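Chain and residue survey
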Amino acid sequence: GAVVSQHPSRVICKSGTSVKIECRSLDFQATTMFWYRQFPKKSLMLMATSNEGSKATYEQGVEKDKFLINHASLTLSTLTVTSAHPEDSSFYICSARDQGADNSPLHFGNGTRLTVT
Amino acid sequence: GENVEQHPSTLSVQEGDSAVIKCTYSDSASNYFPWYKQELGKRPQLIIDIRSNVGEKKDQRIAVTLNKTAKHFSLHITETQPEDSAVYFCAAKKGPGYSSASKIIFGSGTRLSIRP
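Model, not experiment: these values are computed from the prediction.

1. Details of the overall build of chain B
Helix and strand counts for chain B come out as 0 helices and 11 strands. The order of α-helices and β-strands along chain B, N terminus first, is β-β-β-β-β-β-β-β-β-β-β. By the compact-globule yardstick of 13 Å for 116 residues, chain B fits well, its C-alpha radius of gyration being 14 Å. Burial status across chain B gives 44% buried among its 116 residues. Here the analysis covers contacts within chain B between residues at least 6 apart in sequence; of these, 54% occur between residues at least 24 apart. A total accessible area of about 5,700 Å² is found for chain B, and carbon and sulfur atoms account for 49% of it. Charge centroids of chain B, computed over 15 positive and 12 negative side chains, lie 7 Å from each other.

Structure below.
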């Protein structure tokens, strides 16, 4: 089945630094990938839609300059949390669908737990 | 945009009994409704999905029903087992398959606990 790999699984960084999270589709191509944020015991909040070869589409209230998304190939999207603050601490999870399969479901990466100190 | 509401937020049932989780959506153009199960510290896993041209779908102990007119859909788990304990999310999607418009919006989640 389709596999989405996300790295790192955990990261601790200091306030003011930037953190890059990678999301890869391992055995399929994904023109579009989605980045979600999940607070403890809360739902998955869609942050942005990553589009291969073009700008990401951000949801209302999500700062595009804060959360930089790059989708340089059909198998890789990256999310960079810039100038991180403690309130950015959260669980970030990416997802993608196999564009080559009709009506394929959304597959999730394992997520990245970010802690900003 | 789409808004998905999910109830209840927590649900505790006796092992062997049935569990029902309900969701409503706001956008009548939504056409795909997946359900995900998330165990603690793990990624959400798709357990069942239904498309707008179908009213009901069943997979062993799990079934999903869809009422397009009322814009609500439900997850039914029968003969619950301890391993069913997890957080369940409903979701809704609109738009053609892989366009950037076809994003999936999740409900707030239901924490299901199965009492032995």
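2. Focus: the packing of aromatic side chains
All told, the structure shown has 11 aromatic pairs over all chains when counted by the stated rule. For the pair Tyr36 of chain A and Phe106 of chain B, a centre-to-centre distance of 5.3 Å together with 85° between the ring planes defines the contact as edge-to-face. Highlighted residues: Tyr36 of chain A in strand S4 (residues 32–38) and Phe106 of chain B in strand S10 (residues 104–106), drawn from two different chains. As far as the burial class goes, Tyr36 of chain A and Phe106 of chain B line up, both buried. On the numbers, 6.0 Å between centres and 55° between planes, the contact of Tyr25 of chain B with Phe73 of chain B is tilted. Of this pair, Tyr25 of chain B sits in strand S3 (residues 19–25) while Phe73 of chain B sits in strand S8 (residues 72–77); the two residues are 48 residues apart in sequence, bridging distant segments of the chain. Just as Tyr25 of chain B is buried, Phe73 of chain B falls in that class too. Taken together, Tyr36 and Phe108 of chain A together with Tyr36, Phe89 and Phe106 of chain B form an aromatic cluster joined through their ring pairs.

3. Examining the interface of chain B and chain A
At the interface, 20 residues of chain B touch 27 residues of chain A. When the two sides are added together, the surface that chain B and chain A hide from each other amounts to roughly 1,900 Å², 50% of it contributed by carbon and sulfur. If you look at where chain B meets chain A, you find 1 salt bridge. With a closest N to O distance of 2.9 Å, Glu59 of chain A and Lys103 of chain B form a salt bridge. Counting residues per element, the ones that place at least two in the side of chain B that touches chain A are strand S4 (30–38), strand S5 (45–51), strand S9 (86–94) and S10 of chain B. When the residues that make up the side of chain B that touches chain A are grouped by side-chain class, the tally is 9 nonpolar, 6 polar and 5 charged.

About the criteria used
- Residues numbered from 1 in each chain as written.
- Chains lettered and ligands numbered in written order.
- Predicted model: local features only at pLDDT ≥ 70, side-chain atom pairs only at ≥ 80, totals over all residues.
- Heavy atoms only, no water.
- Helix = DSSP H or I, 4+ residues; strand = E, 2+ residues; numbered from the N terminus.
- Rg over C-alpha atoms; globule rule 2.2 N^0.38 Å.
- Buried < 20%, exposed > 50% of the residue type's maximum accessible area, 1.4 Å probe, protein only.
- Contact = heavy atoms within 4.5 Å.
- Areas by Shrake-Rupley, 256 points an atom, 1.4 Å probe, with all protein chains shown as cover.
- Lys, Arg positive; Asp, Glu negative; His and termini not counted.
- Charge placed at Lys NZ, Arg CZ, Asp CG, Glu CD.
- Phe/Tyr/Trp six-rings, centres within 6.5 Å; stacked < 30°, edge-to-face > 60°.
- Buried area = accessible area lost by both parts, 1.4 Å probe.
- Salt bridge = Lys/Arg side-chain N within 4 Å of Asp/Glu carboxyl O.
- Nonpolar A, V, L, I, M, F, W, Y, C, P; charged D, E, K, R; others polar.

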